[in-house]
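The residues making up each chain are set out below.
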Amino acid sequence: MGKRANRMHEKEPSMTSPLTSSPPWKSLAQHYDAIKNVHLREMFADDPARGEAMTLDAVGLYLDYSKNRATAETMGLLVDLAKSANLSDRIEAMFTGEKINLTEGRSVLHTALRTPKGKSVLVDGVDVIPEVHAVLDKMSAFCDRVRSGQWKGHTGKRIRNIVNVGIGGSDLGPVMAYESLRHFSDRQLTFRFISNVDATDFAEATVDLDPSETLFIVASKTFTTIETMTNAATARQWLVDGLGGDQTAIPKHFVALSTNAEKVAEFGIDTDNMFEFWDWVGGRYSMESAIGLSTMLAIGPQGFREMLDGFHEMDQHFRNAPLDQNLPVLMGMLSIWYSNFFGCETTAVLPYEQYLKRFPAYLQQLTMESNGKYVTTDGGQVDYATGMIYWGEPGTNGQHSFYQLIHQGTRLIPCDFIAFGKSLNPIGDHQDILIANVLAQSEALAFGKTADEVKAEGTQDWLVPHRVFQGNRPSNTILADQMSPTMLGKLVALYEHIVFVQSVVWNIDAFDQWGVELGKVLAKNIIPELDPKSASELDHDSSTNALIRRYRSMR
């Protein structure tokens, strides 16, 4: 029935969970035993129409899932499993503001961030949609002032450099969105992103910037995140030093994305230039909130609203489409099929679009921070794998690096290919060559090359084993017309909802992230101990104590 979850715990669960003992799960286990050795060559031979039948065309995305190690019966059983987890009810609970983030007692309403005016979503009896659009309108007015040159820096120069200072969801979303939509950005503005507390990140981002033309966006909900506030303090000093030591320059060169007005004012930022967001928006789901201010500055308020429209289109599809005709549901259930029955541990996301080069990195946080959990919503320990590892690079670059392992390695790695019919930069036959490669890769992964085929090419016998491709490597292919703000919204929302589907079936909370807390707490304790003059007694394990002493000596 596939590999069990790898767990770093001494005590195994004493009983199987409700999930693995449920009739739909058991039916899938029996079905897996029946088809686990069936090759995709055989599946296509048995059903010549498979390549047209196992597709879904919705909201501007065409999904070909025919190259999966699955049949119509498989898909029916997977949908049955989703139904047994009450997926439809859980989807509705999310959209209507129920507090489905159980450990923090919060609603989960990133979908409200892209809900049009005139709709209503209640949280504790309060309609949040007017608040959402009030912030969007405030962001739009600010962005218009900066982009037009009306907003001037302290010396009277217009702003030409935008530096976003954040970490986690306050960085990965904005970075990914900027790179994805660079084609639509204002090229008179330079955008930089600082996240790592490593001083090199700050130094390299600012080395060629003029302080008098630079605007910093400091993104921290509490305005206490140690990495962000360390970088923000360094930015403030860099600015003041660059402008002759004048502290009054700060309000013209800093804005805040936060909810802590007191800390924002204490930092020196005018609270009129503070853009709020809410505790029902998790960081990794926040790129279309005030956290997206850098995105709006890059592509303009209209482009930003087009992106929100794309998010909303996918939201509506996810909420209303039947489960067996639902893009996030089908892709989410297929990932469960591979994770829990085939024992796959990773999924490769391979965009054949250079603008999406940071999309896999963005998905790493979205998927792995959400579903990297070994405890169910009721506090029990899972007896099945959760949290697939997502990774990838854009094609065709990846073909010349890690594709070797996907094709001929010992690990089964499902792949999501993403490609577009039209290039934003049409030059010669580049796009045809690009698309030929993505189609060839999915074909090669599925069907491979047999020993007989290799021999027929005149290959010497001793070399034949090295040139055989087993095939039977699964993939999805997503085709769309062209990259755009709207399309980016659709793609991000697609994977957000895939994550939710997985979490519902696995019965885990996708919206908390307690796993990131312990290291933060320990780091705060260690920071003062690193000073060579510190007289504090070290009370860690012998390894950590020795490393601290070693670092002190290096200081």
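Residues numbered from 1 in each chain as written. Predicted model: local features only at pLDDT ≥ 70, side-chain atom pairs only at ≥ 80, totals over all residues. Heavy atoms only, no water.

This prediction gives the chain a mean pLDDT of 95; 97% of its residues lie at or above 70. Confidence drops under a pLDDT of 50 for residues 1–14, and excluding neighbours within four residues, the segment shows 26 contacts in the predicted structure. (pLDDT = per-residue confidence, 0-100. Contact = heavy atoms within 4.5 Å.)

A few words on the pattern of salt bridges. In this structure the tally under the stated criterion is 19 salt bridges. For K117, the salt bridge is made with D137, and the minimal N-O distance between the two is 3.5 Å. Of this pair, K117 sits in the loop between helix 5 (87–95) and strand 3 (122–123) while D137 sits in helix 6 (residues 129–148), placing them 20 residues apart in sequence. The exposure class assigned to K117 is exposed, which follows from its relative accessible area of 56%. (Salt bridge = Lys/Arg side-chain N within 4 Å of Asp/Glu carboxyl O. Helix = DSSP H or I, 4+ residues; strand = E, 2+ residues; numbered from the N terminus. Buried < 20%, exposed > 50% of the residue type's maximum accessible area, 1.4 Å probe, protein only.)

When the UniProt feature table is mapped onto this chain, "active site" (unreviewed entry) is found at E369, H400 and K520. The annotated residues occupy 152 residues of the chain and do not converge on a single region, their most distant C-alpha atoms lying 37.6 Å apart. Residue position: E369 is located in helix 14 (residues 359–371). Sequence-distant contacts of E369, that is, excluding residues within four places in its chain, are made with R284, Q364, D512, Q513 and V516. (UniProt positions renumbered as here; feature names shortened; annotations may be inferred.)

Turning our attention to the packing of aromatic side chains. This structure, assessed with the given rule, holds 25 aromatic pairs. Taking the centre distance of 4.7 Å and the plane angle of 40° together, the rings of W25 and F341 count as tilted. Residue W25 is found in helix 1 (residues 23–35), and its partner F341 is found in the loop between helix 13 (327–340) and strand 10 (346–351); the two are separated by 316 residues along the sequence. When the ring of F359 is compared with that of Y495, the centres are 5.7 Å apart and the planes differ by 75°; the resulting orientation is edge-to-face. A residue pair is termed long-range when its members are at least 10 positions apart, and F359 in helix 14 and Y495 in helix 19 (residues 485–506) qualify at 136 residues. Taking relative accessible area as the criterion, F359 reaches 0% and is therefore assigned buried. Of the residues examined, Y495 reaches a relative accessible area of 1% and is grouped as buried. Sitting over the ring of F44, R50 keeps its end group 5.2 Å from the ring centre. (Phe/Tyr/Trp six-rings, centres within 6.5 Å; stacked < 30°, edge-to-face > 60°. Lys NZ or Arg CZ within 6 Å of the ring centre and 35° of its normal.)

For the pair helix 1 and helix 4 (residues 72–84), the least separation of the axes is 9 Å and the interaxial angle reads 160°. If you check the angle between helix 1 and helix 4, you find them roughly antiparallel. Considering only the axes of helix 1 and helix 4, their crossing is left-handed. Packed against helix 1, whose contacting residues are P24, W25, S27, L28, H31 and I35, the element helix 4 presents E73, T74, L77, L78, D80, L81 and S84 at the interface. (Axes fitted to C-alpha atoms, helices over the stretch in contact; angles between N-to-C directions. Parallel < 35°, antiparallel > 145°, perpendicular 65-115°, else oblique. Left-handed = near helix turned anticlockwise from the far one by under 90°.)

What follows deals with the sheet that holds strand 6 (residues 190–194). The strand order across the open sheet built from 5 strands is 6-5-7-8-9, with neighbouring strands paired in parallel fashion. Every interior strand has two partners, whereas the edge strands, strand 6 and strand 9 (274–275), have only one. As paired elements, strand 8 (residues 254–257) and strand 9 share 2 bridges and run parallel to each other. Among the inter-strand pairings, L257 is bridged to a residue of strand 9, identified as F275. Packed onto the sheet, helix 7 (residues 169–180) meets strand 5 (161–165), strand 6 and strand 7 (214–219) and runs at close to 150° relative to strand 6. Contacting strand 5, strand 6, strand 7 and strand 8, helix 9 (residues 226–242) runs over the sheet at an angle of about 160° to strand 7. (Pairing = 2+ DSSP bridges.)

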